[in-house]
Amino acid sequence: MVTNRRRIRLFLDSNVLTGGLVSTWELDKATLSLCAAQVCKLVLAEVVRDEVEENLLLHAERLSSLDGDELISDYRRLIKLTKPELVPYPDKDLVHSSRSLIRHEADVPVLLSAMAGKPDWLLTHNTKHFTKAVAQRTSLRIATPAEFFRTLSTLFL
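Just so it is clear, the model here is predicted, and its values are computed rather than measured.

K.L.:
How would you summarise the side chain of asparagine 126 if you had to cite specific residues and measurements?
P.N.:
Tracing the backbone shows asparagine 126 in the loop between β4 (121-123) and α7 (132-138). Taking relative accessible area as the criterion, asparagine 126 reaches 16% and is therefore assigned buried. For asparagine 126, the side chain forms a polar contact with the main-chain nitrogen of histidine 129, separated by 3.1 Å. Those residues within four positions of asparagine 126 in sequence are excluded, and the remaining contacts are Asp13, Asn15 and Asp107.

K.L.:
Please provide a residue-by-residue account of the pairing of strand β1 (residues 8-12), values included.
P.N.:
Regular strands show a simple pattern: their side chains alternate between the two faces of the sheet. Counting buried positions along β1 yields four of five residues, so the element is predominantly enclosed. Here β1 pairs with strand β2 (residues 40-45) via four bridges, running parallel. The residue bridging arginine 9 from the neighbouring strand is lysine 41, located in β2.

K.L.:
Tell me about the packing of aromatic side chains, residues and numbers included.
P.N.:
Taken as a whole and assessed by the stated rule, the structure comprises two aromatic pairs. For the ring pair tryptophan 121 and phenylalanine 148, a centre distance of 5.1 Å and an interplane angle of 80 degrees mean the geometry is edge-to-face. Of this pair, tryptophan 121 sits in strand β4 while phenylalanine 148 sits in helix α8 (residues 145-153); the two residues are 27 residues apart in sequence, bridging distant segments of the chain. Exposure remark for tryptophan 121: the relative accessible area of 8% places this residue in the buried category. Linked through ring pairs, Trp121, Phe148 and Phe149 together constitute an aromatic cluster.

K.L.:
Run through the sheet that holds strand β5 (residues 142-143), naming residues and quoting values.
P.N.:
Picture the strands of a sheet paired through backbone hydrogen bonds; they go either parallel or antiparallel. An order of β3-β2-β1-β4-β5 is seen for the five strands of this open sheet, with the pairing classed as parallel. In this open sheet, the two strands that pair with only one neighbour each are β3 (85-87) and β5. Against the sheet, helix α3 (residues 46-61) engages β1, β2 and β3, with an angle of about 85 degrees to β2.

Reading guide: rules and limits
- Residues numbered from 1 in each chain as written.
- Predicted model: local features only at pLDDT ≥ 70, side-chain atom pairs only at ≥ 80, totals over all residues.
- Heavy atoms only, no water.
- Helix = DSSP H or I, 4+ residues; strand = E, 2+ residues; numbered from the N terminus.
- Buried < 20%, exposed > 50% of the residue type's maximum accessible area, 1.4 Å probe, protein only.
- Polar contact = N/O pair within 3.5 Å; in protein donor to acceptor, adjacent residues only side chain to side chain.
- Contact = heavy atoms within 4.5 Å.
- Pairing = 2+ DSSP bridges.
- Phe/Tyr/Trp six-rings, centres within 6.5 Å; stacked < 30°, edge-to-face > 60°.
- Axes fitted to C-alpha atoms, helices over the stretch in contact; angles between N-to-C directions.

Here is the structure:
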């Protein structure tokens, strides 16, 4: 019997996406595995994608040529497997007028992209800026990957 359930839509901040690609094993990588296996849907903001690509290139420069090439290849393979739902850059005027939503100015485009993408979860390690107050103001469910997996585990009990 086939059921037609909607997949959980995950908006990943750049620190989770980058961490999942460069770490040997952490919950960031497990999150990417859920998206690659099409268990969850990756909602990818262009602003996050550009930051991740910049971070990966910087990280790859510190690796051997072979390892650096493998990292970039892994990223490209991840994008193919996840078939992400892309969220375009927010309008500059909207970014400027929404500055009060979050403490760190550089996070405004990320937050606005998440709001536009309407994910089930926004996963980040940046709990200093993506606070409970920000979650309340934006009606986003913001959590770390560990908090997400703890909640997810309750579905299987």
